[in-house]
Amino acid sequence: MDHDVSSLMLGILLGRVREDFGRERNARRALLLDRVMEGRPTVSQSRFLQLPSEILTDIADLLADDKPALASLALVNSDCRQLARSSQFAEVCFNYSPWSQDLVRKLASELSDRIHDRPRPSISVCVRRFTMASNADWLAEYNRQLYDSIWGDAHSSFSQEERNKLRDKGNKDYISLRNIILGVVGCGLPNLEAISWYDSFAVDDVFFRSIAHSPAQHVKLHRLPVDKSAAFGFIKEFAPPATWPLRTLVIDARLAFQPPARDGASALDKRARVDGDCSLAAEAVLPRFFETLLRLCAPTLESLTWNHLHFRDGGGLDRLSFGDKPISFPRLEYLHLQWADLSQPTFMSFLRAPLRHLTTPLYDTYKLGEVLDSCEPIRDLETLVIPNFCMSKEGAAHIARFIEKHDHIAKLYVSEQMEATGDKAHIDSYIVPLLSKEQFTNLRSLSLAWGGGCMKEETRPHVVYVPETSLSVIGKIAMLEQLSLCAGISVSWRSQWLVDHEQLRECFRELKSLKKLALSRDTYAFGQRGSDVEAYYSDKEVGEGEKAAAVVRPELDDVVVGLSRLALDARQDAEIFNAEEAAQLDAVWERAHRNRMLAEAESYAAVLPSLEWIYLGQRPMTVVVQQKDDPRGSGPKKWAVPSTQHRDECYTFLKQTFAMGTGD
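Residues numbered from 1 in each chain as written. Predicted model: local features only at pLDDT ≥ 70, side-chain atom pairs only at ≥ 80, totals over all residues. Heavy atoms only, no water.

Visitor: Sorry if this is basic, but what is going on with the confidence of the model for the protein here?
Guide: Predicted confidence across the protein gives a mean pLDDT of 86, with 85% of residues reaching 70 or more. Low pLDDT, under 50, characterises residues 12–16; the stretch is placed with zero contacts to residues that sit more than four places away or in other chains. Every residue in residues 267–277 is under pLDDT 50, and counting partners more than four places away or in other chains gives eleven contacts. (pLDDT = per-residue confidence, 0-100. Contact = heavy atoms within 4.5 Å.)

Visitor: So what exactly am I meant to see when it comes to helix H9 (residues 205–213) here?
Guide: Helical periodicity: at 3.6 residues per turn, an α-helix aligns residues three or four positions apart in one direction. Within H9 the residues assigned to the buried category are Phe207, Phe208, Ser210, Ile211 and Ala212. Of the residues that open H9, the one with a side-chain oxygen 3.2 Å from the backbone nitrogen of Val206 is Asp204. (Buried < 20%, exposed > 50% of the residue type's maximum accessible area, 1.4 Å probe, protein only. Helix = DSSP H or I, 4+ residues; strand = E, 2+ residues; numbered from the N terminus. Polar contact = N/O pair within 3.5 Å; in protein donor to acceptor, adjacent residues only side chain to side chain.)

Visitor: For this particular structure, what's the right way to read the side chain of Asp252?
Guide: Relative to the assigned elements, Asp252 resides in strand E5 (residues 248–255). One buried charged residue, Asp252, forms no salt bridge at all, with the nearest opposite charge on Arg223 at 4.5 Å. Beyond its immediate stretch of four places on either side in the chain, Asp252 contacts Leu221, His222, Arg223, Leu224 and Asn307. (Lys, Arg positive; Asp, Glu negative; His and termini not counted. Salt bridge = Lys/Arg side-chain N within 4 Å of Asp/Glu carboxyl O.)

Visitor: I would appreciate a short explanation of the nonpolar core in the present structure.
Guide: Soluble globular proteins tend to bury their nonpolar side chains together. Ranked by internal contacts, the top residues of the largest apolar core, which has 165 residues, are Leu294, Trp306 and Phe350. At ten residues, helix H21 (residues 579–607) tops the list of elements feeding residues into this core. The contacts of Phe350, once residues within four sequence positions are left out, are Leu294, Leu304, Trp306, Phe322, Phe329, Leu332, Leu335, Leu337, Leu342 and Leu355. In terms of nonpolar packing, the next biggest core, distinct from the first, is built from seven residues, Trp613, Cys650, Phe653 and Leu654 among them. (Core = buried A, V, L, I, M, F, W, Y, C linked by side-chain atoms within 4.5 Å.)

Visitor: How should I be thinking about the side chain of Arg85 in this particular structure?
Guide: In this structure, Arg85 sits in helix H4 (residues 78–88). With sequence-adjacent residues up to four places away left out, Arg85 is seen in contact with Ala90, Pro121, Ser122, Ile123 and Cys126.

Visitor: What am I meant to see in the pattern of salt bridges here?
Guide: Between side chains of opposite charge, a pair can form when the charged atoms approach closely. Enumeration over the complete set of coordinates arrives at 36 salt bridges. Here Arg118 and Asp113 are joined by a salt bridge, their closest N and O atoms 2.9 Å apart. Relative accessible area serves as the criterion here: at 9%, Asp113 is assigned to the buried category. When the shortest N-O distance is used, the salt bridge between Glu534 and Arg494 registers 3.4 Å. Taken as a pair, Glu534 in the loop between strand E17 (522–523) and helix H19 (536–539) and Arg494 in the loop between strand E14 (482–487) and strand E15 (497–498) lie far apart in primary sequence, 40 residues in all. With respect to class, Glu534 is no different from Arg494; both count as buried. Here the salt bridges share partners, and the residues they tie into one network are Glu457, Arg460, Arg494 and Glu534.

Rendered as structure tokens:
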């Protein structure tokens, strides 16, 4: 699959939940006009172009999302065209569309002009960020016969030989175009700062040679399959004293799967297998590759996100090690370790860096907990994320002692395994007692996720509660500015935490500095038959209470459906509603739920004077203050306003706000 372009046509399965809030990217920043002119003086004598370059750049940035205005600016003269381009092409994404292919060929032509000393105003000088993310639909469009031979209605009419020939042609065309892109990225974008690569097609030695020779200092490689020959070639070519002055590295890579040779395989396929016959055993190649890569960029690396979810033969993840010689990371401040089975000496190498933000690995927290327990306190640590709080008492004790050594941190995130119960659940017995000591005087952000969840049908109903004693301890951390709580199963449609808002408000009323409050996987018993509350969001049961709640805030709805027609009677369960009626019932439930959450949010705002944002029932909401005092003399009125039109998982925003999310 890793050497098959048809695999890229499958797209990415995102699931059915909505998750848009907080995914807005930072606005792109145009380059100064002086830089995109490459030292050439402006031709126009316009007073507008006599403004300082910084002001002209601000103007270009203000127009960044106004494509017609930028297009009009580009038509004024050649100088304004470069100014417009500095914003239009600050970020370039190749998605296999006709427009992105034309742009890549234009950039390749400009590279040829540069090589042959034919300078002229160019697009390539404006590019600061390049993203490779081929779109499945465009790939299918350019390989229509291949797509039809696999997934089309007449796929059975294609022989395997015909399908193989189409696949070979598609692979060849993709690699040819990718090599043009790599040539441009490697030496044709002089102001390139960042590269993001999302295509999961096996890369060869050309890939790493090009990326490493580019001027980019921020590189993201997402789920990248690496040919064994490419990894081995990288190890040989970039051995010390070579360097790669990266500042940011986000890497999720594995060895590419090499399918068995087939009759009629192309010369390209056969060459790949011969080249892959290198002297290192397969299980040793990727650990050596990672070691070489990190030694290259260690002197300059400031931020590292590392994921390696790859299982070796016989089970277990690949063990990653720096060998006998530790690596020093003198500038590393941000370390986000995900699925990576690190040796203890390798993990200790990271802990000796001047870290400010740390996420511990998801894998093998017991053994790494021993390293955490034995290491010296990290003096400048501000953020600590423990995403997989160990299920053994020994491991939990190790991690708790590490947390206690860092009572100067400002942000703490601890998550149990979502099904942890009994003697395998440790937040209440290890983390909450730490917080009760009142020694975390700098703590401004706290996120705790309890386990207790279950998905077994024989144990229904699945309901999770958070102990009031733990909530009371949290409520005494007076300097908290943001708080996130979660409990139970944290994946799929299930929500099992039957939250008691009155109890929470009573416990948290002393949190006078709290600005953000998030409750995740909370569920409710409104209209639910029996106690099966975990299906609250999927069942969407509509009764008289929902109909009444749905019309409470009509000013929030542009279109008012005929709610009076939706009166339910005893025969409702036996009726078959048409699509329009079903959509109306869904709208009633959603509005009722929204209005209930808004009411709860306003009740929180009444007891939390600094509250600005709150997340309840999958609804992000902003708290606004009415300017005039309430005529009844109770002071300014606080209102909750929906931040989105729909329910939202807010996964990205919550990770970025309360942990160390990357924003993918």
